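# Observations on chain architecture
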Amino acid sequence: MQSSNNHITLRAENLSKRFGGLQVLYEINFTISGRCCYGIIGPNGAGKSTLLNIMSGVLKPDAGALYWGSTRLDVLPQPKISRLGLARTFQTPRTLTVNDFTVIDNVLVGAFKCSPVNPMGYALRLPRFIRKEGQLREKALVALATVGLADKANVLAASLSAGERRRVELAQAMVSDPAMLLLDEPAAGLNDEEVNELRSLLVRLSDSSITVILIEHRVDLVLGICDRIMVLDHGVKIAEGLPEDIATDSKVVEVYLGSAP
């Protein structure tokens, strides 16, 4: 799957976020540009998911700014951010909820979300909406092929393994042809074999036209596939750099890697 926006830079300037009396992020700065896999790690409560929620428009920062090229993202509604080319998944799969739907019909949920369509047109089965549905189904099949599930398109979602469900969620995000894919702990709940399959898929995605931003507690996965890594601790960015530099950074080892399983 290709996107024309894959070289646009995502830039954060002093992003901060507070929930009541709790400061969750403190003036976070980063720049992610070009085709790459960018990792964000840190202990529980570091602010990783909050930062991803700001990137995707689920949350708004209390201070600072987020730019997609020259466009300021943090002032835009979430649907518009998605249409610009940013898609995300969540720690717990939220979109794969209809077990008695087929896999492709579940992926079509993602296609409909990113397509400005009139629901009444589908309800009345008007010709132009039937054509649009056919186009979206083709895109859903391409997304399933990309994640290695083309052969499961017509099986019920209830029959899928945990790893396959994660890949369906990825297909739902990818059906919008994103330039940047935001992944929140995609390896959560997977066994070692499923993690290895996920590793291969993420490498293929980051080698294609998609920039991958990965939040993950599996440090071996992040160190093995990411081009650059940012480390958060209690809402503060304590390090950023190449995987080999992060793995040997004394402060990172002290607050996170040293206690990682």
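The structure this text deals with has already been given above.
Residues numbered from 1 in each chain as written. Predicted model: local features only at pLDDT ≥ 70, side-chain atom pairs only at ≥ 80, totals over all residues. Heavy atoms only, no water.

What follows deals with the sheet that holds strand S2 (residues 22-32). Reading across from one edge, S2-S1-S4-S5 is the order of the 4 strands in this open sheet, with antiparallel pairing throughout. Edge positions in the sheet fall to S2 and strand S5 (71-72), since each has one partner strand and no second. Relative to strand S4 (residues 63-68), strand S1 (residues 10-19) runs antiparallel, the two sharing 5 bridges. By the bridge assignment for S4, Arg11 is matched with Tyr67. Docked against the sheet, helix H1 (residues 48-56) engages S1, S2 and S4, running at close to 60° with respect to S2. (Pairing = 2+ DSSP bridges. Helix = DSSP H or I, 4+ residues; strand = E, 2+ residues; numbered from the N terminus. Contact = heavy atoms within 4.5 Å. Axes fitted to C-alpha atoms, helices over the stretch in contact; angles between N-to-C directions.)

For any pair of aromatic rings, the description consists of the separation of the ring centres together with the inter-plane angle of the planes. For the coordinates displayed, the defined rule picks out 1 aromatic pair. Here the aromatic rings of Phe30 and Tyr38 are separated by 6.3 Å at their centres, their planes lie at 35°, and the arrangement is tilted. The exposure class assigned to Phe30 is buried, which follows from its relative accessible area of 4%. Judged by relative accessible area, which is 2%, Tyr38 ranks as buried. (Phe/Tyr/Trp six-rings, centres within 6.5 Å; stacked < 30°, edge-to-face > 60°. Buried < 20%, exposed > 50% of the residue type's maximum accessible area, 1.4 Å probe, protein only.)

Our focus in this paragraph is the packing of helix H6 (residues 162-174) against helix H7 (residues 192-207). The interhelical angle for the contact between H6 and H7, taken along N-to-C directions, is 20°, at an axis separation of 9 Å. Here H7 runs roughly parallel to H6, going by the angle between their axes. Crossing geometry of H6 relative to H7 is assigned as right-handed. Residues Ala162, Gly163, Arg167, Leu170 and Met174 of H6 lie in contact with H7, whose contacting residues are Glu194, Glu197, Leu198, Leu201 and Leu205. Residues belonging to the contact of H6 with H7 are distributed by class as follows: 6 nonpolar, 1 polar and 3 charged. (Parallel < 35°, antiparallel > 145°, perpendicular 65-115°, else oblique. Left-handed = near helix turned anticlockwise from the far one by under 90°. Nonpolar A, V, L, I, M, F, W, Y, C, P; charged D, E, K, R; others polar.)

The subject of this paragraph is the pattern of salt bridges. In total, this model carries 12 salt bridges according to the counting rule given. For Arg137, the salt bridge identified is with Asp105, shortest N-O distance 3.2 Å. Taken together, the residues Arg137 in helix H5 (residues 127-146) and Asp105 in helix H3 (residues 103-113) connect sequence positions 32 residues apart. As a salt-bridge pair, Arg218 and Asp192 come within 3.7 Å of each other at their nearest N and O atoms. In this pair, Arg218 sits in the loop between strand S8 (211-215) and helix H8 (219-225) while Asp192 sits in helix H7, placing the two residues 26 residues apart along the sequence. On the accessibility criterion, Asp192 (53% relative accessible area) is exposed. Salt bridges sharing partners connect three or more residues here, namely Asp192, Arg218 and Asp220. (Salt bridge = Lys/Arg side-chain N within 4 Å of Asp/Glu carboxyl O.)

All we've got here are geometric facts, nothing functional implied.
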